[in-house]
Amino acid sequence: MNYLRVHLFRQINRNKQDIPGLVWTILAIFFILTMVYQPAVVFQGAAEGLKVWWEIIFPSLLPFFVASDLLMKLGFVHFIGILLEPVMRPLFNVPGSGGFVLVMGLVGGSPINALLTAQLREKQLCTKKEAERLLCFTNFCTPLFMISAVAVGMLGRPELGFVIAGTHYLANLIIGLGLRFYYTGDVVSNYNPGSFSVKKALVTMLRHQRKEKQTIGRLLNDAVSSSVRKLLNIGGFIILFAVIIRIFAEAGIIDLIAVAFAAILVPLGFAAEIMPSVASGLFETTIGSTMASQTAVSDLQIIIAIGFILGWSGLSIHAQVASMVAGTDVGLRLFFITRIIHAFLVAGLTWLFYPSGQQVFYWVLPAAASTTTYAFSTQRLIFSFFLIGCCLLFILTCLGFILRQAQSKYYRNP
């Protein structure tokens, strides 16, 4: 026995790369033994994950997956890439085609941003470093989930949607602006401030469509088939992590993680009751957010916990993102680091803007302050976010135009 132990350690010391494989093997064996020992717990976790995927994820993401796949194959990404180059390159140091990923990430959430980033990289429309930066600041939670599911459904407080969604978006954009200075030497093409042209963008898109020559029936069939396959993959990850959370909760591991969080956060004024939800949110955001909304603590602590969970995104989303970029050379180390930064940044911004966010809501939607039914208010809230998004896009476009004009003058008169 001692000989085998010594021989094993010698093999591991010689080949350090064998350690991850050995660890995953042990975890897989432990997982199978757990399924045999606690089949009821595994079944309950799988049923919860399947319910979340079928009732929330599948119907909300399928239209965005199909639409984004169609737009990619129709060459719209080339069109938007030329138009948004004056905005995306100066602000985020990524190609203009990254603007398409940013918009779809804002509307459809993660992991659709990872899917589109991987497609840009496969088509050589961005470099490896540009793809890694783009992946980091386009990883959003869907606005409908934050506003309807969390603010209205879980909390019954639609006015908190401004705080939850606003801080989430703002923190990601801050990260994007900061990442523009990370590895600036690797760009897909030289940026020409005078290259902005609607005609050029349209010609490029039409040239792509003539080159592909695919019928609309073929495009729809491929888009739907590809989208359903990817959503089945996402569903598998959601069910897997729902089972893991159930097993960890039954084994007391979630409580141990909560105790570790409590040792750090309770001295800062946070309630110990909120820690199990944060611990669960490390693995899956929907489950963690639901647990946080049911905790008997102050509203501020609840939305800080939810903001932290949504900013971190959960290991389930991390695994889904990894599966989407698995066929490319895009690394995930920077993505993991920025998720940690995003979580703490959202928590800090939530603490800073919590009272202001409520006042903004009541200023925009004064009727919602006295109503007890939230259906109509939610529709107005979503419409307000749409208008705010349009204004933000207009401001970014104007800013990009000003930067382009300034750089054009600089290049003409150095």
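This one's a predicted model, so the numbers in the text were calculated from it and none came from an experiment. (Residues numbered from 1 in each chain as written. Predicted model: local features only at pLDDT ≥ 70, side-chain atom pairs only at ≥ 80, totals over all residues. Heavy atoms only, no water.)

## What about the overall build of the protein chain?
Selection rule: Each helix corresponds to a stretch of at least 4 residues labelled H or I by DSSP, and each strand to a stretch of at least 2 residues labelled E; elements are numbered beginning at the N terminus. Here's how the labels work: a residue is buried when its accessible area is under 20% of the maximum for its type, exposed when over 50%, partly exposed in between, all with a 1.4 Å probe on protein chains only. Between two residues, a contact is recorded if the distance between any of their heavy atoms is within 4.5 Å. Each accessible area is a Shrake-Rupley estimate made with a 1.4 Å probe; only the visible protein chains count as cover when residues are assessed.
Counting secondary structure elements, the protein chain contains 18 helices and zero strands. The proportion of buried residues among the 414 residues of the protein chain is 47%. Long-range contacts, defined here as pairs at least 24 residues apart, represent 78% of the contacts in the protein chain between residues at least 6 apart. Counting every atom, the protein chain has about 21,000 Å² of accessible surface; 69% of that belongs to carbon and sulfur.

## A closer look at the packing of helix α14 (residues 285–293) against helix α15 (residues 299–312)
Using the following cut-off: Lines are fitted to the C-alpha atoms to define the axes, a helix being fitted only along its stretch in contact, and any angle between axes, read from their N-to-C directions, falls within 0 to 180 degrees. Angles are sorted into four bins: roughly parallel if under 35 degrees, roughly antiparallel if over 145, roughly perpendicular if 65 to 115, and oblique for all others. The residue classification treats Ala, Val, Leu, Ile, Met, Phe, Trp, Tyr, Cys and Pro as nonpolar and Asp, Glu, Lys and Arg as charged. All others, Gly included, are polar.
In the contact formed by α14 and α15, the axes pass within 9 Å of each other and the chain directions differ by 175°. Here α14 lies roughly antiparallel to α15, going by the angle between them. On the side of α14, the interface is formed by T285, G288, S289, A292 and S293, while α15 contributes I302, A305, I306, I309 and L310. For the contact of α14 with α15, the residue count by class is six nonpolar, four polar and no charged.

## Details of the nonpolar core
Basically, it comes down to this: By nonpolar core is meant a set of buried Ala, Val, Leu, Ile, Met, Phe, Trp, Tyr and Cys residues that side-chain atoms within 4.5 Å join together.
Membership of the largest hydrophobic core comes to 88 residues, with the highest contact counts inside it found for L120, L155, I164 and I234. The leading source of residues in this core is helix α11 (residues 216–251), at eleven residues. One finds I82, L83, A201 and M205 within the second-largest nonpolar core, a separate group that totals five residues.

## Quick word on the environment of V42
Looking at the element boundaries, V42 is found in helix α3 (residues 39–73). Looking at V42, the relative accessible area reads 12%, which means it is buried. Among residues more than four places away in sequence, those in contact with V42 are T34, M35, V243 and I247.

## Looking at helix α4 (residues 76–92)
For the record, the criterion: A helix is expected to reach a length of 1.5 Å times the quantity of its residues less one.
In a regular helix each residue adds 1.5 Å, so 17 residues correspond to 24 Å; α4 covers only 21 Å between its end C-alpha atoms and thus falls short of that length. Residue N93 follows α4 closely and has a positive phi angle near 55°.

## Digging into the pattern of salt bridges
Opposite charge on two side chains permits them to pair, given that their charged atoms come into close proximity. For clarity, the cut-off: A side-chain nitrogen of Lys or Arg and a carboxyl oxygen of Asp or Glu constitute a salt bridge if their distance falls within 4 Å.
By the definition in use, this model includes eight salt bridges. Residue E130 is joined to R89 by a salt bridge in which the shortest nitrogen-to-oxygen separation is 2.9 Å. Of this pair, E130 sits in helix α7 (residues 128–137) while R89 sits in helix α4, placing them 41 residues apart in sequence. Grouping residues by exposure puts E130 and R89 together as buried. A salt bridge links D222 to R218; the nearest nitrogen and oxygen atoms lie 3.1 Å apart. In this pair, D222 and R218 both sit in helix α11, four residues apart, roughly one turn of the helix.

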